[in-house]
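Each chain, letter by letter, is given below.
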Amino acid sequence: MLKLAGKEDKKLKTTVFQDETRIFNPPKELVEKSIVMQWMKKKGFKTEKEMRAWCSSDEHYLEFWDEMAKTYVDWHKTYTKVMDDSEMPYFHWFTGGEINITYNAVDRHAKGAKKDKVAYIWIPEPTDQPVQKITYGDLYKEVNKFANGLKSLGLKKGDRVSIYMPMIPQLPIAMLACAKLGVIHSVVFSGFSSKGLMDRAADCGSRAIITVDGFYRRGKPVPLKPNADEAAGGAPSVEKIIVYKRAGVDVSMKEGRDVWWHDLVKGQSEECEPVWVDPEHRLYILYTSGTTGKPKGIEHATGGNAVGPAQTLHWVFDLKDDDVWWCTADIGWVTGHSYIVYAPLILGMTSLMYEGAADYPDFGRWWKNIQDHKVTVLYTAPTAVRMFMKQGAEWPDKYDLSSLRLLGSVGEPINPEAWMWYREHIGRGELQIMDTWWQTETGTFLNSPLPITPLKPGSCTFPLPGYDISILDEEGNEVPLGSGGNIVALKPYPSMLRAFWGDKERFMKEYWQFYWDVPGRRGVYLAGDKAQRDKDGYFFIQGRIDDVLSVAGHRIANAEVESALVAHPKIAEAAVVGKPDEVKGESIVAFVILRVGNEPSPELAKDAIAFVRKTLGPVAAPTEVHFVNDLPKTRSGKIMRRVVKARALGNPVGDISTLMNPEAVDGIPKIV
Ligand code: WT7
């Protein structure tokens, strides 16, 4: 059973977040010209608050989604019902309709005014290779040829295909080709091991794996195909491996099973009829690792994912026709699925896509990309912001970032220190930061500022229009302003997950069981995060429900202590774990990475402890601070506290093959 934040919460002298008094108002021009403001004017809304509340209300939310679905998507056959909750918690959206998402993302632009508009500016990692500009017209041809190739292999609607590719244009092309045929794609991050791929391909019964010979990492070609071979060895459903030649590394091709991409598309027609599907037809399965246990195959539906991502991208990041959008995520994550592939293409936008590492050839690469291609909106993660913070502002300072007009953040709570640095050094001290809170399960942002929202550093502000997000205590009561509990979705929304592949019981248990029997709360989605609202109603996410320490009867979120630590001028990153303590239950132990130019010392450790004591109160102060060079992270940049803790306590660390930097584990000192 999940352990939840209880009443002790309110006693605790916390948090840094609640004490946030800085407000950053959006510039008038941004507000006036924003897409959301145009819509508000059209509808006659006077205030943001009124608008947000109306769109998410019991009376109007289906009307809202109906309008959005018709605004952003061309339906082959119009649905007859917006939402059907008769099989709760299996909600169905856009019942009776027919759709093809690739038609919406590519065909309608390629056949219309946007044929020659650039869809992707693709920057290869090696600096001596040319940048590619891929128009909607190009995309149309490439997707169709590849879709016809897939068809020729016998792949058809409902089949699953695993895609295991680096950040090259063929990755979205492969996804779009699958979706054109109603084939369900399951993208596996290319940094995962062969076992990671094997488990996922076997779980969903993939008939094929699409991969590359190899890819570039920090200037060197790295083979990838051998991993697919190993994975196929343990995933009996895999009949075919399709290999795109990216890095020119030697690979062995198995007769009858393996086929080169370039051979598959040779002679294929540049036309391919879309397969029209029911809006509930699964668009993709994406595995989310969870902190423990077997990865969960999250099932996402086609209709909802054509509507939700496009609408939220349009409203939150305010994308206009001449914007250049850069989401720095890897497409192997939901962020990339929704906000590099489906949403920007459905909106007909130009996106930048970068193949490689942020520090290749040096820490100026991202800023050069922005300068060279006049990126206007940048969406990245707090872990990246902190990495750049650690390297110092001289890197972004060398480049002209004046094209930027809006910034975004996703992945974990952004500590106010990093937020301020991001605004100051990337945003010229002027740009608004859209801190979007969401999950693999949700498909879209749930809480986020809009360009019209006054911001507080570290807050994802309010539920977006159409999303009824709240904070409940364990009994299911809404908590008053100024306190915290479980963040939940009170209503369904189009892009929400539909199921776990092959595991009904776990789906029920994980998200719905908790409030199922509470009167009036059936169908409430438990997100698994702890959150608070301040007196003005601003939401502050505090981390996962299970990432909570218990110190002398006080519940303290690990993330709160980490946030306090990284506000220290000499600390770049921190992981906080609980060490069993006979008296207090747990004592707080911190592992910290220093900013460049600082040396570990016992004085600095003491100073860090004093710093947290002052910020959060004595109960939240670490008893030990250890200096490390690196911390183990997931591929999406989250510090794996579970692994840090196991290693520090001398327990087995479990399977760490899917970490970004498994070698970091060895550098964690034992504390018992
Ligand atoms: C978990 C979901 C959403 C795409 C990337 C991660 C945390 C995500 C924020 C944010 C605070 C955040 C939550 C959430 N999270 N964005 N803006 N503020 N926390 O997807 O791997 O499914 O992780 O990431 O804990 O539950 P994911």
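Conventions and cut-offs
Residues numbered from 1 in each chain as written. Predicted model: local features only at pLDDT ≥ 70, side-chain atom pairs only at ≥ 80, totals over all residues. Heavy atoms only, no water. UniProt positions renumbered as here; feature names shortened; annotations may be inferred. Buried < 20%, exposed > 50% of the residue type's maximum accessible area, 1.4 Å probe, protein only. Contact = heavy atoms within 4.5 Å. Helix = DSSP H or I, 4+ residues; strand = E, 2+ residues; numbered from the N terminus. Salt bridge = Lys/Arg side-chain N within 4 Å of Asp/Glu carboxyl O. Core = buried A, V, L, I, M, F, W, Y, C linked by side-chain atoms within 4.5 Å. Near = heavy atom within 4 Å. Polar contact = N/O pair within 3.5 Å; in protein donor to acceptor, adjacent residues only side chain to side chain. Areas by Shrake-Rupley, 256 points an atom, 1.4 Å probe, with all protein chains shown as cover. Nonpolar A, V, L, I, M, F, W, Y, C, P; charged D, E, K, R; others polar. Axes fitted to C-alpha atoms, helices over the stretch in contact; angles between N-to-C directions. Parallel < 35°, antiparallel > 145°, perpendicular 65-115°, else oblique. Pairing = 2+ DSSP bridges. Phe/Tyr/Trp six-rings, centres within 6.5 Å; stacked < 30°, edge-to-face > 60°. Lys NZ or Arg CZ within 6 Å of the ring centre and 35° of its normal. Disulfide = S-S within 2.5 Å.

Under an unreviewed UniProt entry, the name given to the protein chain is Acetyl-coenzyme A synthetase, and the organism recorded is Methanothrix soehngenii. Under the heading Catalytic activity (unreviewed entry), UniProt records this for the protein chain: "acetate + ATP + CoA = acetyl-CoA + AMP + diphosphate". We quote the UniProt Cofactor (unreviewed entry) comment for the protein chain here in full: "Mg(2+)".

A.B. asks: Please explain the UniProt feature "binding site: Mg(2+)" (unreviewed entry) in the protein chain as it appears in this structure.
C.D. replies: With numbering aligned to this structure, UniProt lists the feature "binding site: Mg(2+)" (unreviewed entry) at V566, H568 and I571. The exposure class assigned to V566 is buried, which follows from its relative accessible area of 5%. Excluding residues that lie within four positions of it along the chain, V566 makes contacts with N415, E417, I571, A572, E573, A574 and R595. Here I571 lies in strand β26 (residues 571-581). You can call I571 buried: its relative accessible area is 2%. When near neighbours in sequence (up to four residues on either side) are disregarded, I571 contacts L565, V566, V592, I593, L594, R595 and A608.

A.B. asks: Explain the pattern of salt bridges here, please?
C.D. replies: In a structure, side chains of opposite charge can pair up when their charged atoms sit close to one another. This structure, assessed with the given rule, holds 47 salt bridges. Here K225 and D258 are joined by a salt bridge, their closest N and O atoms 2.8 Å apart. On the criterion of sequence distance, the pair formed by K225 in helix α10 (residues 225-233) and D258 in strand β11 (residues 258-260) is long-range, its members being 33 residues apart. Assessed through its relative accessible area of 1%, K225 is described here as buried. Taking relative accessible area as the criterion, D258 reaches 12% and is therefore assigned buried. Three or more residues joined by partner-sharing salt bridges are found here, namely K156, D159, R207 and E239.

A.B. asks: Quick question: what am I supposed to make of the nonpolar core here?
C.D. replies: Across soluble globular proteins, nonpolar side chains have a tendency to be buried as a group. In terms of nonpolar packing, the biggest core is built from 145 residues, with W65, L139, F146, I163, I210, W315 and F317 touching the most fellow members. Per-element tally for this core: the top contributor is helix α8 (residues 170-181), with nine residues. Not counting residues within four places of it along the chain, the set of residues in contact with F317 comprises T312, W325, V377, Y379, R405, L406, L407, G408, M434, T436 and F445. Of all hydrophobic cores here, the second largest spans 34 residues; its members include V375, L401, Y422 and L455.

A.B. asks: Can you walk me through the site of the ligand in this structure?
C.D. replies: Lining the immediate environment of the ligand, one finds 16 residues, of which D435, T436, T440, D529 and R544 sit closest. Here a nitrogen atom of the ligand and a backbone polar atom of G411 are 3.0 Å apart. Contact distances for the ligand include 3.4 Å between a nitrogen atom and a backbone N or O atom of E412. Here the ligand, which alone exposes 550 Å², has 91% of that area covered by the protein. For the shell around the ligand, the elements supplying multiple residues, two or more each, are α13 (334-346) and β23 (539-544). For the shell around the ligand, the residue count by class is six nonpolar, five polar and five charged.

A.B. asks: Whenever I open this one, the packing of helix α5 (residues 61-72) against helix α12 (residues 302-316) confuses me. Can you help?
C.D. replies: Packed helices, taken two at a time, are described by their axes: the angle between them and the distance between them. Contact geometry for α5 and α12: axes closest at 9 Å, N-to-C directions at 90°. The angle between α5 and α12 falls in the class roughly perpendicular. Residues F64, W65, M68, A69 and Y72 of α5 form the contact with α12, whose participating residues are V307, A310, Q311, H314 and W315. Of the residues contributing to the contact of α5 with α12, the split by class is eight nonpolar, two polar and no charged.

A.B. asks: Sorry if this is basic, but what is going on with the UniProt feature "modified residue: N6-acetyllysine" (unreviewed entry) in the protein chain here?
C.D. replies: Per the UniProt record, the feature "modified residue: N6-acetyllysine" (unreviewed entry) sits at K638. By the element assignment, K638 lies in the loop between β28 (624-627) and α21 (641-648). Among all residues touching K638, those that are not within four sequence positions of it are G411, P632 and K633. Within polar-contact distance, the side chain of K638 engages the backbone oxygen of G411 at 3.3 Å.

A.B. asks: Mind showing me how you'd approach the sheet that holds strand β19 (residues 469-472) here?
C.D. replies: Sheet strands associate in pairs through backbone hydrogen bonding, adopting either a parallel or an antiparallel arrangement. Across the sheet, which stays open at both edges, the four strands sit in the order β19-β20-β22-β23 with antiparallel pairing between neighbours. The open sheet terminates on both sides in strands that have one partner only, identified here as β19 and β23. Each adjacent strand pair in this sheet contributes to an overall mean axis angle of 45°, direction not counted. Where β19 lies against strand β20 (residues 484-489), four bridges are found, and the strand directions are antiparallel.

A.B. asks: What am I meant to see in the pairing of strand β8 (residues 214-217) here?
C.D. replies: Where a strand is regular, its side chains alternate between the two sheet faces. Of the pairings in the sheet, the one linking β8 to strand β9 (residues 220-223) comprises four bridges and is antiparallel in character. By the bridge assignment for β9, R217 is matched with K220. Hairpin connection of β8 to β9: two residues between the antiparallel strands, including R218 at a positive phi of 45°.

A.B. asks: For this particular structure, what's the right way to read the packing of aromatic side chains?
C.D. replies: Centre-to-centre distance and the angle between the planes together describe a pair of aromatic rings. Per the stated rule, a full pass over the model turns up 45 aromatic pairs. Centre to centre, the rings of F146 and W261 are 3.7 Å apart; their planes meet at 10°, and the pair counts as stacked. Of this pair, F146 sits in helix α7 (residues 136-152) while W261 is found in helix α11 (residues 261-265), placing the two residues 115 residues apart along the sequence. The buried category is assigned to W261, whose relative accessible area is 5%. Between F317 and F445 the ring centres are 5.9 Å apart and the planes differ by 75°, which places this aromatic pair in the edge-to-face class. Here F317 is found in the loop between α12 and β14 (324-327), whereas its partner F445 is found in the loop between β18 (433-435) and β19, with 128 residues between them in sequence. Exposure remark for F317: the relative accessible area of 0% places this residue in the buried category. Connected via pairs of aromatic rings, a cluster forms that spans W39, F45, W54, F64, W65, W315, Y467 and Y493. Against the face of Y90 rests K504, its NZ or CZ located 5.1 Å from the ring centre.

A.B. asks: Can you help me understand the state of the cysteines in this one?
C.D. replies: In protein chemistry, a disulfide is the covalent bond that joins the sulfur atoms of two cysteines. In total, this model carries zero disulfides according to the counting rule given. Not part of a disulfide, C55 finds its nearest cysteine sulfur in C460, a span of 18 Å. Assessed through its relative accessible area of 0%, C55 is described here as buried. Here C327 is not disulfide-linked; the sulfur of C460 is the nearest cysteine sulfur, at 18 Å.

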